[in-house]
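Chain and residue survey
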Amino acid sequence: MEDIIFYDRLQFAFTITFHYIFPQLTMGLSLLIVYFKWKYLRKNIEKYNDAAKFFMKIFAINFTMGVVTGIPMEFQFGTNWAKFSELTGSIIGQTLAMEGMFSFFLESSFLALFIFGEKLMSQKLHFLTGFLVFLGSWASGWFILATNAWMQHPVGYEILENGNFVLDNFSALFSNPWLLPAFLHNQVAAMVTSSFVVASVGAFYILRNKNVEYGKLFLKTGVIFGLVSSVLLAFPTGDWNAKNVAKYQPASFAAMEGIFETEEAGAEIILIGQPNMVEKKLDNKIAVPNILSFLTYQEWGKQIPGMDQFKKEELPDNIPALYYAYHIMVGLGTIFIGVMFLAVFFLWKNKLFNFKPLLWTIMFLFPFPYIANITGWYVAELGRQPYLVYGLLKTSEGVSPTVSSGNTLFTLLGFVGLYMLLGLLFLVLVGKTIHQGPRPQSH
Amino acid sequence: MEIFWFIIVSVVLVMFFILDGYDFGVGIIHLFLAKKDKDKEVIAKSAGLFWDSNEVWLVAAGGMLFMAFPTFYASVFSGFYLPLIIVLWLIVFRAISLEFRSQFNYQMWKDMWDKAFGISSLLLALFFGIALGNIVRGVNLGGVENGVSSYEGHYFFLPLWNSSFSPLTEHPGVIDWFTIIIGLITMVTLAIHGANWIVLKTNSTINHRLKKVVFKLNIILAILTLFSLGIWQVVNSNSLDNFIDKSYLIIFPIIYFTGLIGLFFIKKLKKEIHAFIFSTLLILGGITSSLASMFPVILPSTNTINESLTIYNTATTEYGLSVALNWGIVGFILLFVYMIIQKRLMGGKIDKMDYGH
């Protein structure tokens, strides 16, 4: 039985990690595209329209990838997690079905119109189609986060005699106190990814001395949006989420912060250290006293329960992975604010476009928001362990009762192979689009 | 309320097969009949422009099934584990081939992805038909061995095939001679549907030939249909009972046969859309007739110990279904608006159109 849970979790982790490379870009990019299109409508300078259309091409590639890797996600609930689907389908089926109904139809219909239909409509309508694509992609995020929020902090349900969770209050799914902070944090994080990608393409064009006019526009837009979203990521959205974890999942909070022992008074904040699960302490620790208590409760001396306060079966099952995921996310987030602050400062001084070290840094920075986004999701998912539905349904109780571990391993290997091919082709395609630039000479 | 949601999910599923069905069919026709480069280009485009918005219907159907009939969703998706995952792989692979074929302008690259597109479309059509065949035939619910269930009564696990390839044994596999025949029917139906779509949406040089092809395929389809009706009686002897008890259900087979007969007159049809409507009726009638024949069962049990899954024993509670109906109505109205806008802006032949590229 242990194997099957391991392979099922690994398969879900692999397919969702790969999938989430794409939506985090499309959600953020759609807003930037709307911005470029809006600038074009106001200023009537072709450059802005070219920028909107160029990034819509990149959006479209990512959207396709998101669709084809997203269909397996929805199916996997049933194939690999049948018991979970049976027990909770009445509730999370609502939000997942709403995603299909209100988000995908909107997004896919108007994406086609935006890309193929510019000559068939007025510029204002073209702006509107772009806006609707943005709305669709953010609605998708909303419904997915609503689904996840229910798993993190179940509300509005009732448990029947046969163990099924059924919906008892529909609106509670959307007024879940977990939802709004998580949604905003997630969307701002998507903005960080896309701003960094836009800035990175800009830096590349400037450094390569090709499409320089576009390069400057992309870089400027990218770093300004990048700074704003990096700051919002930490405060208030990140802060708000951390407080939610402390309140609703105190065991996960202790694990992600790396607090093994409860302190008499205020809790320290860990900057660096490696969890030692044998001796139950952090090796090579660097920490600042009382800061965690202050950040979480605005009281220097407030006690925060450490992992020693919880039973083993209440704690997440992979504490080091959770701890590292959280610290990588927070560490990267801090670096993002620093780099983007510098970039905006040099932009303001009119020196950014000639300051090569910073341009190189920005160009190579783009993979890191992806890492931060994905580790952020690992924090949420590893932190929820050992539960699928926090406090109510264990992960081990959710797997398909009839599927053997041999079959799960087989499909996992298949997904790995297929997605490697997909990833390779994706890189080629995006590389080609960036190489062609906003105004391809041919055609 | 269960009936209501059964109808809604069926409508969404039928929409998926009508819409994505034509681009599967386009792939099949492309594989066998497109020879000139210009035809290959435009025929691939007649699927490539639309496949992703068509596949959204599959996602919608999956979501709604999950919400309204969670027990059915859990049982069927885990029970048909391997074929479903293989279908997912084919969907991904087919999408790759459509998106990548035109990215580099040399022949070997295009030929490679064209074949991939054709073969994955063909296999998908076959697999979806096999899936339908499995649903109609039923499965060994509860994994009964010698009169004892191995799992809870609503779970099962099907191997891809068993050694006899027969639907009549106690442990049928996914692929047996009955489901293969349903798979072939689906393949031929979708090939006809795809050919009609190509004629409707393009000016390819094989349009004239395609009408003859549709006529010939339709003869094959008629023979297969009659044959399958016969063996369906062998597999499941009370398969026609519903139509006798509730005679109004006969409307669904009538829809199917209207499509079938209509297509024999393809050479005389004045408008291209008429042929497409007839093949749409084929798909609509075929799926709804299969569902109607079983109603209210949605997955028959092949043993006598565990009862068949029905819309009543797999549905969620009244509250969930009724609250979903409220947002469902709003959603469908919005969807209808999008479709009208899209149709008005992007109707007509694709090769005459300038999309600003």
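Thresholds, definitions, all that
- Residues numbered from 1 in each chain as written.
- Chains lettered and ligands numbered in written order.
- Predicted model: local features only at pLDDT ≥ 70, side-chain atom pairs only at ≥ 80, totals over all residues.
- Heavy atoms only, no water.
- Core = buried A, V, L, I, M, F, W, Y, C linked by side-chain atoms within 4.5 Å.
- Buried < 20%, exposed > 50% of the residue type's maximum accessible area, 1.4 Å probe, protein only.
- Helix = DSSP H or I, 4+ residues; strand = E, 2+ residues; numbered from the N terminus.
- Axes fitted to C-alpha atoms, helices over the stretch in contact; angles between N-to-C directions.
- Parallel < 35°, antiparallel > 145°, perpendicular 65-115°, else oblique.
- Left-handed = near helix turned anticlockwise from the far one by under 90°.
- Nonpolar A, V, L, I, M, F, W, Y, C, P; charged D, E, K, R; others polar.
- Contact = heavy atoms within 4.5 Å.
- Buried area = accessible area lost by both parts, 1.4 Å probe.
- Salt bridge = Lys/Arg side-chain N within 4 Å of Asp/Glu carboxyl O.
- Polar contact = N/O pair within 3.5 Å; in protein donor to acceptor, adjacent residues only side chain to side chain.
- Expected span 1.5 Å × (residues − 1).
- Patch = residues over 30% accessible without salt bridge, like charges linked within 9 Å, V, L, I, M, F, W, Y side chains within 5 Å.
- Areas by Shrake-Rupley, 256 points an atom, 1.4 Å probe, with all protein chains shown as cover.
- Phe/Tyr/Trp six-rings, centres within 6.5 Å; stacked < 30°, edge-to-face > 60°.
- Lys NZ or Arg CZ within 6 Å of the ring centre and 35° of its normal.

1. Re the nonpolar core
Counting residues in each nonpolar core, the largest one holds 250 residues, and the members touching the most others are A:Phe218, B:Trp5 and B:Phe69. The greatest single-element share of this core, amounting to 18 residues, is contributed by helix α3 (residues 82–116) of chain A. Ranked by size, the runner-up nonpolar core spans 25 residues in total, among them A:Ala189, A:Phe196, A:Leu219 and A:Leu365.

2. Structural notes on the packing of helix α7 (residues 177–201) of chain B against helix α8 (residues 207–235) of chain B
Two numbers describe a pair of packed helices, the interaxial angle and the distance between the axes. Residues and elements named next belong to chain B. At a minimum axis separation of 9 Å, α7 and α8 run at an interaxial angle of 155 degrees. Relative to α8, α7 is oriented roughly antiparallel. You can see that α7 and α8 cross each other, and the crossing is left-handed. Residues of the contact of α7 with α8, tallied by class, amount to 20 nonpolar, six polar and one charged.

3. Remarks on the interface of chain A and chain B
At the junction of the two partners, chain A supplies 65 residues and chain B supplies 65 residues. Both faces combined, the contact of chain A with chain B buries some 6200 Å², and carbon together with sulfur accounts for 77% of it. The largest per-residue losses of area from chain A upon contact with chain B belong to A:Phe75, A:Phe105 and A:Phe116, which jointly make up 12% of the total buried on that side. In this structure, B:Glu152 and A:Lys83 form a salt bridge, with 2.6 Å as the shortest nitrogen-oxygen distance. When residues of the side of chain A that touches chain B are traced back to their parent elements, those giving at least two are α2 (46–80), α3, β2 (165–167) and α12 (405–436) of chain A. Top element by residues in the side of chain A that touches chain B is α3(A). It accounts for 24 residues. Of the residues belonging to the side of chain A that touches chain B, the class tally is 40 nonpolar, 19 polar and six charged.

4. Points about the packing of helix α6 (residues 212–248) of chain A against helix α9 (residues 319–348) of chain A
Residue and element names in this part refer to chain A. Contact geometry for α6 and α9: axes closest at 9 Å, N-to-C directions at 140 degrees. Taken together, the axes of α6 and α9 are oblique relative to one another. Considering only the axes of α6 and α9, their crossing is left-handed. Contact with α6, carried on its side by Lys220, Gly222, Val223, Ile224, Gly226, Leu227, Ser230, Val231 and Ala234, involves Phe336, Ile337, Met340, Phe341, Ala343, Val344 and Leu347 of α9 and no other residues of that element.

5. With respect to the side chain of A:Gln76
For A:Gln76, the location among the structural elements is in helix α2. For A:Gln76, the side chain forms a polar contact with the side chain of A:Thr15, separated by 3.0 Å.

6. Overview of helix α4 (residues 123–152) of chain A
Compared with the 44 Å implied by 1.5 Å per residue over 30 residues, the 43 Å span of α4(A) between its first and last C-alpha is a close match. Among the 30 residues that make up α4(A), 22 are buried, leaving the element largely enclosed by the rest of the structure.

7. Quick notes on a nonpolar patch on the surface
All names here are of chain B. There is a patch of nonpolar side chains on the surface, built from Trp161, Phe165, Leu168, Trp177 and Val234 and spanning about 500 Å² of accessible area. Relative to the helices and strands, Trp177 is located in helix α7. Since its relative accessible area comes to 34%, Trp177 is described here as partly exposed.

8. Quick look at the environment of A:Phe77
On the secondary structure map, A:Phe77 appears in helix α2. With a relative accessible area of 13%, A:Phe77 lands in the buried category. Sequence-wise, A:Phe77 and A:Thr408 are 331 residues apart; in three dimensions their C-alpha atoms are separated by 13 Å. Excluding anything up to four places from it in sequence, A:Phe77 contacts A:Phe12, A:Ala82, A:Phe84, A:Ser85, A:Leu96, B:Phe66 and B:Tyr73.

9. As for the packing of aromatic side chains
Summed over the entire model, instances satisfying the criterion amount to 71 aromatic pairs over all chains. On the basis of an interplanar angle of 15 degrees and a centroid distance of 6.2 Å, the ring pair of A:Trp142 and A:Phe174 is categorised as stacked. Residue A:Trp142 is located in helix α4, and its partner A:Phe174 is located in the loop between β2 and α5 (179–208); the two are separated by 32 residues in the primary sequence. Look at A:Trp142 and you get partly exposed, because its relative accessible area is 24%. Over the face of the ring belonging to A:Tyr297 we find A:Lys302, whose NZ or CZ atom lies 5.0 Å from the ring centre. Positioned over the ring face of B:Phe215 is B:Lys267, at 4.3 Å from the centre of the ring.

10. Considerations on the environment of A:Tyr248
Residue and element names in this part refer to chain A. Within the secondary structure, Tyr248 sits in helix α6. Take Tyr248: its relative accessible area is 21%, and that puts it in the partly exposed class. Placed 97 residues apart in sequence, Tyr248 and Met151 show a C-alpha to C-alpha distance of 12 Å. The contacts of Tyr248, once residues within four sequence positions are left out, are His153, Pro177, Trp178 and Tyr390.

11. Quick word on the pattern of salt bridges
Applying the stated criterion across every chain, the model contains 17 salt bridges over all chains. A salt bridge links A:Glu314 to A:Lys311, with the shortest nitrogen-to-oxygen separation between them at 4.0 Å. Classification of A:Glu314 by relative accessible area gives partly exposed; the value is 29%. One connected set of salt bridges, linked through shared partners, spans B:Glu41, B:Arg101, B:Lys110 and B:Asp114.

It is worth stressing that arrangement in space is one thing and function is another; only the former is reported here.
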